[in-house]
Amino acid sequence: MERTQLSVVIPVYNETGALTNLIGEIRSVCETHNYEYEIIVVDDGSTDGTAEVAAGLPGVTVVCFRRNFGQTAAFDSGFQMARFPYVVTMDGDGQNDPNDIPKMIAYLEANNLDVVAGWRKFRKDTFGKRIISRGANLLRKMFLRDNIHDSGCSLKIFRRDCFENLRLYGEMHRFIPALLQMQGFSVGELAVNHRPRTSGRSKYNVFRTFKGLADMMLLWFWRSYSVRPIHLLGGVGVLLLVISALFGLRTVYLFFNEQKLSSTLEPLLTVFTFIAGLLFVSLGILTDLLVKIYYAVEDVPYYSIRKVIRPGSVGEKPVTISTSNARQADSDRSLAS
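The rules behind these values
- Residues numbered from 1 in each chain as written.
- Predicted model: local features only at pLDDT ≥ 70, side-chain atom pairs only at ≥ 80, totals over all residues.
- Heavy atoms only, no water.
- Helix = DSSP H or I, 4+ residues; strand = E, 2+ residues; numbered from the N terminus.
- Polar contact = N/O pair within 3.5 Å; in protein donor to acceptor, adjacent residues only side chain to side chain.
- Contact = heavy atoms within 4.5 Å.
- Core = buried A, V, L, I, M, F, W, Y, C linked by side-chain atoms within 4.5 Å.
- Buried < 20%, exposed > 50% of the residue type's maximum accessible area, 1.4 Å probe, protein only.
- Patch = residues over 30% accessible without salt bridge, like charges linked within 9 Å, V, L, I, M, F, W, Y side chains within 5 Å.
- Areas by Shrake-Rupley, 256 points an atom, 1.4 Å probe, with all protein chains shown as cover.
- Salt bridge = Lys/Arg side-chain N within 4 Å of Asp/Glu carboxyl O.
- Phe/Tyr/Trp six-rings, centres within 6.5 Å; stacked < 30°, edge-to-face > 60°.
- Lys NZ or Arg CZ within 6 Å of the ring centre and 35° of its normal.

(A) Region of interest: the side chain of Thr-273. Position of Thr-273 relative to the elements: it lies in helix 9 (residues 266-298). Within the structure, Thr-273 has its side chain in polar contact with the backbone oxygen of Leu-269 (distance 2.7 Å). From its side chain, Thr-273 meets the backbone oxygen of Thr-270 in a polar contact 3.3 Å long. What Thr-273 contacts, discounting residues up to four positions off in sequence, is Leu-240, Leu-241, Ile-243, Ser-244 and Phe-247.

Structure below.
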């Protein structure tokens, strides 16, 4: 029976007090369940010697940033380094419990999911942090509809295929499940243990909330209009042009009824809404062209293929091939020809 293979990705910033114990717990869980595993610690520009502590732990791969680039960059770097079919992410502060990893793997396999997100159902955070998090989660559900309770929980498990076309920037690590759902990956959720912080200091602040909300609005636009932004921007423009026409008709009516146009707002509103409508329509056309250029240059499709089923020889069953193997097979055939 094949051993389960997983890569554990841990972004850290000034976490010397918690890291050694956390790595020890991860090792214990993986060895107890006979996993083949690797641990990747991404040091996000720590100033307290976190990188040195991590490098002194046996079998740990350490990625050191030149400065603090943020948690999203740290996750993205770890995803690129991961080698195994399952990728587990968790915080380096020790609040995520490694003992939840086996049940998350079992839940992912039993339900044939691509992602399982942890849900900190009983959080051990301050009251203010919990209130802000609940408000952000409510807005996320309204705009992104990712159907999970706790997108901010770092404890997640992914299939390696999830990262083939994933692009992360800004504060997008909070919205990875929503990004993957946009590409057609299946996302589930499981309640996990959340432990109180025993060392170090939280890196959370209100400015990160504002950055996250801005990224959420960008993601909402990309989710709904990434293929045809003209539908949103052009639609707003057409609406403004219709309003401009109504104001124009009102202006003509007032003119023929010998009312002083200088004492009314209709002429000004006619011109303003007409110009704004033209600008929105023009912006929609330009954005549509830029999106087409993006997909052409990056060679990134706006759809996602789970698998390819190739017809077998006469009398044989069809063969199911994963997308990565299918691409490799196509490449080998092209080289052979």
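(B) Structural context of the nonpolar core. Within the largest apolar cluster, 30 residues are counted, with the highest numbers of intra-cluster contacts made by Leu-6, Ile-10, Ile-23, Ile-26, Ile-39, Val-41 and Ile-157. Elements represented by at least two residues in this core include exactly strand 1 (5-12), helix 1 (16-32), strand 2 (36-43), strand 4 (86-89) and helix 4 (101-110). Broken down by element, this core gets its largest block of residues, 5 residues, from helix 1. Discounting chain neighbours no more than four positions away, the residues touching Ile-26 are Val-8, Ile-10, Ile-39, Met-90 and Pro-98. Core analysis: the second largest hydrophobic core is formed by 25 residues, Ala-74, Val-115, Phe-163 and Val-187 among them.

(C) Main features of a nonpolar patch on the surface. Taken together, the side chains of Val-271, Phe-274, Ile-275, Leu-278 and Leu-279 make up a nonpolar region of the molecular surface, amounting to roughly 470 Å² of accessible area. Mapped onto the elements, Leu-279 comes out in helix 9. Since its relative accessible area comes to 56%, Leu-279 is described here as exposed.

(D) Structural context of the environment of Val-187. Residue placement: Val-187 occurs in strand 7 (residues 187-191). Among the residues examined, Val-187 registers a relative accessible area of 17% and is labelled buried. With 41 residues separating them in the primary sequence, Val-187 and Asp-146 have C-alpha atoms 8.4 Å apart. In this view, Val-187 contacts Leu-113, Val-115, Ile-148, Pro-177 and Gln-181; residues no more than four positions away in its chain are not counted.

(E) Region of interest: the packing of aromatic side chains. One pass over the structure, following the stated rule, counts 6 aromatic pairs. Residues Phe-65 and Phe-69 carry aromatic rings whose centres are separated by 5.6 Å and whose planes lie at 85 degrees to one another, so their mutual orientation is edge-to-face. For Phe-65, a relative accessible area of 18% gives the class buried. Ring centres of Phe-255 and Phe-256 lie 5.4 Å apart, and the angle between their planes is 80 degrees; on these two criteria the pair is classed as edge-to-face. When its relative accessible area of 52% is taken as the criterion, Phe-255 is described as exposed. Between Arg-83 and the ring centre of Phe-84, over which it is positioned, the NZ or CZ distance is 4.6 Å.

(F) How the structure looks around the pattern of salt bridges. One pass over the full model with this rule turns up 7 salt bridges. The closest approach of N and O atoms between Arg-195 and Asp-97, which form a salt bridge, is 3.7 Å. In this pair, Arg-195 sits in the loop between strand 7 and helix 7 (206-225) while Asp-97 sits in the loop between strand 4 and helix 4, placing the two residues 98 residues apart along the sequence. Note on accessibility: Arg-195 and Asp-97 belong to one class, buried. Across the pair Arg-250 and Glu-266 runs a salt bridge, and its minimum N-O distance is 3.4 Å. Separated by 16 residues along the polypeptide, Arg-250 in helix 8 (residues 230-256) and Glu-266 in helix 9 bring together distant segments of the chain. Its relative accessible area of 39% is what places Arg-250 among the partly exposed residues. Here Glu-266 falls in the buried class, since its relative accessible area comes to 16%. In this structure, a network of salt bridges that share partners links the residues Glu-25, Asp-97 and Arg-195.

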